[in-house]
Amino acid sequence: MSKVHSIACGLPFCQSAQGKQTDLSIRLRVTAIAIGTIVAIGGILILRGTPGMSSLGHVAAWIEISVGGTLVLIAASVKYVEYENTDAPLINADAPPTSEDLIPSKPAQRKEELHTADKPTTQVSRSKINTDASLTFEDFIPSKPAQRKEELHTADKPTTQVSRSEIAEEEAILISEETIAKLQSSMAIILEMALGERGGIKFYASKFGHRIFTLDTAPDIIFKMAPNDNPSVRERHQRTLAAIEVCRTYQLGLLVIPRVKLFTVTIKGEKYVIIAEQKLDINPYESAQEQYYEEFADSLDETIRQLAIFICKTGYRDVAWRNNPILNNSFDTNGNRRFALIDLEDIDDPQIGLFGGTGEKTKGLVRCVNERQGLIVEAIAKANGIETTRFHRAYERRKAELEDGKKLQLYYAKAEVVRGDEPVVGDIDSMDFAPYSAEKAAQLRTFASILLAAINAKIARSSPEESIKGRRYISIDFHNDEDFTGMEVKLIIAPGEEGYIRPTDDEFYNVTYLGFVTHKFVQMGLIYKAIRDPYYYYIQA
């Protein structure tokens, strides 16, 4: 508490009379009383002891008596006091905050702050916060300075909201006339292409009928569109503005949403609605982002907490490393890294966003983070009234995935894989295909050579920006790749051949050419594992 000095009433009947006065006040009051008394007495003596004094003398004597009396009265009734300033701010604006400044001294007060951190101050929250949650953030937030821990609890407090139209104006990016002209002249190519590069246009993967691309005349802008004034484009733009609004309202400053502008281009009377979106500085490869989430985990706790809050408030569900990449060189002042939110099209189910869906495409936040951070996500869901019955299944799956990742690292260490582009080396001629005939064994060796060459060719074409795991993750398209067409169902011993035994469903793919050879590769240590889905064989080399 700071010391404050003030003038107060010194008379016995005043409440402030008991206040502690300063040493200076005591000295001044005693001196003033003494001087006033002497002056007043002197005036009285002059008035009584000087007979025949003129009228002017009488006036002077009375003035002396009045001055002395006034001085005594002031000294008796006024004193200079010192007291503790209970209204002073806890944090000195001229000094850095300490842990005592930032953390409440009462445990009950701290618990209340923990459970009410995301209650709006300017609007009613969507759901009542569960104050009976058994987990607290301190259970899984690593030891940090006091200021860091306080921010983990208060970053989602709402601030004054900005209107949607103001956000649209503030976040709009400039589209040059040159770019408009390029779009008009290239629309035929844009409508035709879906992937690849052509005419100064680079296309990215997108939903059927939609286009996502960049232009050589505007390399810092991502364009997203659908033909014939498709309303989904306008809806996507509105969702982006709504997401920015939520981030501002709840102070989710570690979530970066690209600046965006909606505009139309008219060609031969046909209108095309286009979103121009700021291109952020990220590594675009999902395998690299998966590695970053693990490698930079210690600087992501608060970022993941903010993303969990965002999911609860918006229903954002398409949560995956590819859609929530870590921005390059994006530290805040406390060492937290920032996420980019680059695909906000699907906003309708917070449970899927937090815990994932039935397929692998919608992983959910829990299956993107480590075990400690998974508990952070669960706590945020509970605090925001989100049902958490799906959490445990997602959490157990994530723990199994993390354990498998450790085994893969041991496999790479043993195989001396350092960069990720090292070829798979194996002696196909020495592969044992007993008890099959020499003719069948020769066919299997031929197929094994083709498969090994395909694996190495895809490893060689991989980008050095991918993770080691990503560079060695191979997909075999057995429907469209002529070397592998039908090999996922072609049995080694066909019906009618000697030795044929009808396989059960569980055994079927292990006695096809593709299944049998990949299983052999795993046994020999040439690859780590192979996974089949209805359209592809995925090989982790």
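Refer to the structure printed above.
Computed from a prediction, not measured in an experiment: that's the story for all the values here.

Colleague: Residues and numbers for the sheet that holds strand β13 (residues 536-540), please.
Modeller: Across the sheet, 3 strands lie side by side as β11-β13-β12; this open sheet has antiparallel pairing. Two strands close off the open sheet at either side, each with one partner strand: β11 (473-477) and β12 (529-532). Each strand of the sheet is rotated relative to its neighbour by a mean of 20°, with strand direction disregarded. Along the sheet, helix α17 (residues 513-524) makes contact with β12 and β13, crossing β13 at roughly 5°.

Colleague: Kindly report on the pairing of strand β9 (residues 270-278), identifying the contributing residues and their values.
Modeller: Note: strand β6 (residues 218-225) against β9, 5 bridges, orientation antiparallel. When the bridges of β9 are listed, Ile222 appears paired with Glu277. As paired strands, strand β8 (residues 260-267) and β9 are joined by 8 bridges and run antiparallel to one another. Bridging across to β9, Phe263 finds its partner in Ile274. Between β8 and β9, which follow one another and run antiparallel, lie 2 residues, and Lys268 among them has a positive phi close to 55°.

Colleague: An account of the pairing of β6 is requested, with residue identities and associated values reported.
Modeller: Of all 8 residues that make up β6, 6 are buried, and the element is covered over most of its length. As paired strands, strand β5 (residues 211-215) and β6 are joined by 4 bridges and run antiparallel to one another. Among the inter-strand pairings, Leu215 is bridged to a residue of β6, identified as Ala218. Linkage of β5 to β6, two consecutive antiparallel strands, is achieved through a turn of 2 residues.

Colleague: Which residues make up the nonpolar core, and what values go with them?
Modeller: Within soluble globular proteins, side chains that are nonpolar generally end up buried alongside one another. With 48 residues, the main nonpolar core has Leu307, Phe310, Leu354 and Leu365 as its most contacted residues. The leading source of residues in this core is helix α10 (residues 301-314), at 7 residues. When sequence neighbours within four positions are dropped, the list of residues in contact with Leu354 reads Ala308, Ile311, Cys312, Gly364, Leu365, Val366, Val377, Ala381 and Ile386. With 30 residues, the next largest nonpolar core counts Met487, Phe521, Leu526 and Ala541 among its residues.

Colleague: I'd love a proper account of the sheet that holds strand β4 (residues 201-204), names of residues and values included.
Modeller: Taken in spatial order, the 6 strands make up an open sheet running β3-β4-β5-β6-β9-β8, and their pairing is antiparallel. A single partner strand is all that each edge strand has here, and the edge strands are β3 (196-198) and β8. Strand-to-strand twist in this sheet, taken as the mean axis angle between neighbours without regard to direction, amounts to 30°. Pairing of β4 with β5 involves 4 bridges; the strand directions are antiparallel. Paired with Tyr204 across the strands is Ile212, a residue of β5. Of the strands in this sheet, β6, β8 and β9 touch helix α8 (residues 231-249), which is tilted by about 165° from β8.

Colleague: Give me the lowdown on the packing of α10 against helix α12 (residues 371-383), citing residues and values where you can.
Modeller: For the pair α10 and α12, the least separation of the axes is 9 Å and the interaxial angle reads 35°. Two packed elements cross with a definite hand, and for α10 against α12 that hand is right-handed. Side by side, α10 and α12 meet where Asp301, Ile304, Arg305, Ala308, Ile309 and Cys312 of the first sit next to Arg372, Gln373, Ile376, Val377, Ile380 and Ala381 of the second. Looking at the contact of α10 with α12, its residues break down into 8 nonpolar, 1 polar and 3 charged.

Each value, and the rule that gives it
- Residues numbered from 1 in each chain as written.
- Predicted model: local features only at pLDDT ≥ 70, side-chain atom pairs only at ≥ 80, totals over all residues.
- Heavy atoms only, no water.
- Pairing = 2+ DSSP bridges.
- Helix = DSSP H or I, 4+ residues; strand = E, 2+ residues; numbered from the N terminus.
- Axes fitted to C-alpha atoms, helices over the stretch in contact; angles between N-to-C directions.
- Contact = heavy atoms within 4.5 Å.
- Buried < 20%, exposed > 50% of the residue type's maximum accessible area, 1.4 Å probe, protein only.
- Core = buried A, V, L, I, M, F, W, Y, C linked by side-chain atoms within 4.5 Å.
- Left-handed = near helix turned anticlockwise from the far one by under 90°.
- Nonpolar A, V, L, I, M, F, W, Y, C, P; charged D, E, K, R; others polar.

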